[in-house]
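Commentary on secondary and tertiary structure
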Amino acid sequence: MSAESDTLQQTIEQSLELLRRHLDWDTAKDRLAELNNRIEDPNLWDDAENAQKIMQERTGLANQIERVERLEQDCKENLDLIALAEQDNDMEIFQDALQQLQSMEKEVKRLELESLLSGEADRNDCYLEVNSGAGGTEAQDWAEMMLRMYTRWAEQHGYKVTMLESTEGEQAGIKSATLQISGINAYGWLKTEAGVHRLVRISPFDSAKRRHTSFASVWVYPVIDDSIDIEVNESDLKIDTYRASGAGGQHINKTESAIRITHVPTGIIVACQTDRSQHRNRATAMEMLKARLYELELKKREEEAAQTEANKTDIGWGHQIRSYVLAPYQLVKDLRTDVEKTNPDAVLDGDLDDFMAAALALRVGATRSEASAKAT
């Protein structure tokens with residue numbers, strides 16, 4: 001067996017063993033058998049809400065087990081092919097099997113990383129807010145670039161993206177915007193992006209072509225389901241209506257259908273202008289507020305006060321989690337994990353997995369193989 005295929009085999013087998021341990025393999029198999037028996041019960045759907053939870057758990061667990069078993073089988077088959085190809089000196093089959101192992105290595109790294117997403121709300125959809133900070137028009141343009149970056153990342157991973165609110169800048173870009181990103185593990189991945197992001201570039205708005213530094217912040221919180229009850233007192237709310245801005249048609253732009261809700265005790269502000277109905281916008285904004293309050297409670301439970309405090313600081317110097325330098329050199333560096341990329345264009349086009357993976361591993365304090373340090 002070649003040295004390369006031997007190394008790939010070891011990497012894949014080590015990662016699969018870690019996944020088995022994380023799943024607590026025997027317990028997971030027993031639990032799956034129990035859930036399979038429960039879904040055969042004809043009375044299961046008498047309680048639709050409980051039935052949905054059982055089906056969701058069963059599907060998730062079955063997918064995890066099946067993926068590990070499939071990867072183990074595929075690894076064995078391709079290693080057998082490589083041994084036969086070397087024996088017959090068939091380089092075409094050898095290269096094909098080697099490429100299959102390389103693809104499997106990427107998949108198993110991704111699986112291993114996903115095993116870190118075990119927080120209470122990690123599997124949920126999420127809201128993602130982008131706010132411009134220090135830097136005026138520069139910062140507003142930067143905020144719009146970031147909004148595109150996260151939209152591109154979400155689309156590349158098969159997530160659904162819905163624009164809930166956007167406030168345009170005076171000359172260019174946006175002052176703020178809120179997206180809802182829907183898909184499995186959306187919150188688990190994107191929660192690592194919360195914080196201040198710093199851009200250094202030659203300003204397109206400066207006739208003297210000087211270098212400018214600008215800032216924008218990202219805030220991420222999970223969409224909560226009906227099983228999570230968050231109490232909100234109406235007396236704690238300040239509710240404003242205003243005219244929606246940007247695209248949306250004549251009705252949206254000419255009536256005060258947009259809603260902004262301020263939760264006075266915490267200072268949390270949410271807004272929605274996605275619908276022509278003020279009532280529906282209000283309902284969505286209330287869901288967003290409850291999600292923010294729930295996310296606040298999650299932070300307390302996770303005992304990440306120091307990191308949370310850092311993420312909530314001023315949008316300016318000294319508080320950034322990542323720097324994007326476009327001039328005089330090309331570099332994107334995460335200041336928490338030291339992960340670097342020398343192709344900012346790719347990063348701004350959604351290539352964020354390496355940063356998320358390293359930040360996730362750091363966030364949960366997990367000990368993992370080298371594969372967990374990166375996503376591919």
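The text that follows walks through the structure, step by step, so that each part is easy to find. (Residues numbered from 1 in each chain as written. Predicted model: local features only at pLDDT ≥ 70, side-chain atom pairs only at ≥ 80, totals over all residues. Heavy atoms only, no water.)

1. Re the overall build of the protein
For the protein, the helix and strand inventory stands at eleven helices and eleven strands. Taking all 376 residues of the protein together, the buried fraction comes to 47%. In the protein, once contacts between residues fewer than 6 apart in sequence are set aside, the share between residues at least 24 apart is 64%. In the structure as shown, the protein presents an accessible area of about 19,000 Å², 45% of it carried by carbon and sulfur atoms. (Helix = DSSP H or I, 4+ residues; strand = E, 2+ residues; numbered from the N terminus. Buried < 20%, exposed > 50% of the residue type's maximum accessible area, 1.4 Å probe, protein only. Contact = heavy atoms within 4.5 Å. Areas by Shrake-Rupley, 256 points an atom, 1.4 Å probe, with all protein chains shown as cover.)

2. As for the sheet that holds strand β7 (residues 258-263)
What the three strands build is an open sheet, ordered β6-β7-β8; its pairing is antiparallel. Edge positions in the open sheet fall to β6 (237-242) and β8 (268-272), since each of these has one partner strand only. In this sheet, neighbouring strand axes are inclined to one another by 15° on average, regardless of whether the strands run parallel or antiparallel. By the bridge criterion, six bridges tie β6 to β7 in an arrangement that is antiparallel. What sits directly across from Y242, in β7, is A258. (Pairing = 2+ DSSP bridges. Axes fitted to C-alpha atoms, helices over the stretch in contact; angles between N-to-C directions.)

3. Some details on the sheet that holds strand β11 (residues 340-341)
An order of β2-β3-β1-β5-β4-β9-β10-β11 is seen for the eight strands of this open sheet, with the pairing classed as mixed. Every other strand in the sheet has two partners, leaving β2 (160-168) and β11 as the edge strands with one partner each. The sheet contacts of helix α5 (residues 137-156) involve β1 (126-132), β2, β3 (174-182), β4 (195-202), β5 (211-222) and β9 (320-325), and relative to β5 the element is tilted by about 45°.

4. Some details on the packing of aromatic side chains
What the rule picks out here adds up to three aromatic pairs. Ring centres of Y127 and Y221 lie 5.2 Å apart, and the angle between their planes is 40°; this geometry places the pair in the tilted category. Of this pair, Y127 sits in strand β1 while Y221 sits in strand β5; the two residues are 94 residues apart in sequence, bridging distant segments of the chain. Like Y221, Y127 is buried. When the centroid spacing of 4.9 Å and the interplanar angle of 65° are considered together, the rings of W142 and Y324 count as edge-to-face. In this pair, W142 is assigned in helix α5 and Y324 in strand β9, connecting sequence segments 182 residues apart. Like Y324, W142 is buried. Sitting over the face of the ring of W25, R20 holds its NZ or CZ atom 4.1 Å from the ring centroid. (Phe/Tyr/Trp six-rings, centres within 6.5 Å; stacked < 30°, edge-to-face > 60°. Lys NZ or Arg CZ within 6 Å of the ring centre and 35° of its normal.)

5. Examining unusual backbone geometry
Only a minority of non-glycine residues have a phi that is not negative, and only a minority of peptide bonds are not trans. Here the amide bond leading from A327 into P328 is cis, since omega sits at 10°, within 30 degrees of zero. For P328, the position within the fold is in the loop between β9 and β10 (331-334). For N185, which is not glycine, the phi torsion reads 70° and is therefore positive. Along the chain, the position of N185 falls in the loop between β3 and α6 (186-190). Within the chain, K209 stands out as a residue other than glycine whose phi angle is a positive 55°. With respect to the helices and strands, K209 occurs in the loop between β4 and β5. Overall, the relative accessible area of 54% leaves K209 in the exposed class.

Remember, this is a structural readout, not a statement about activity or role.
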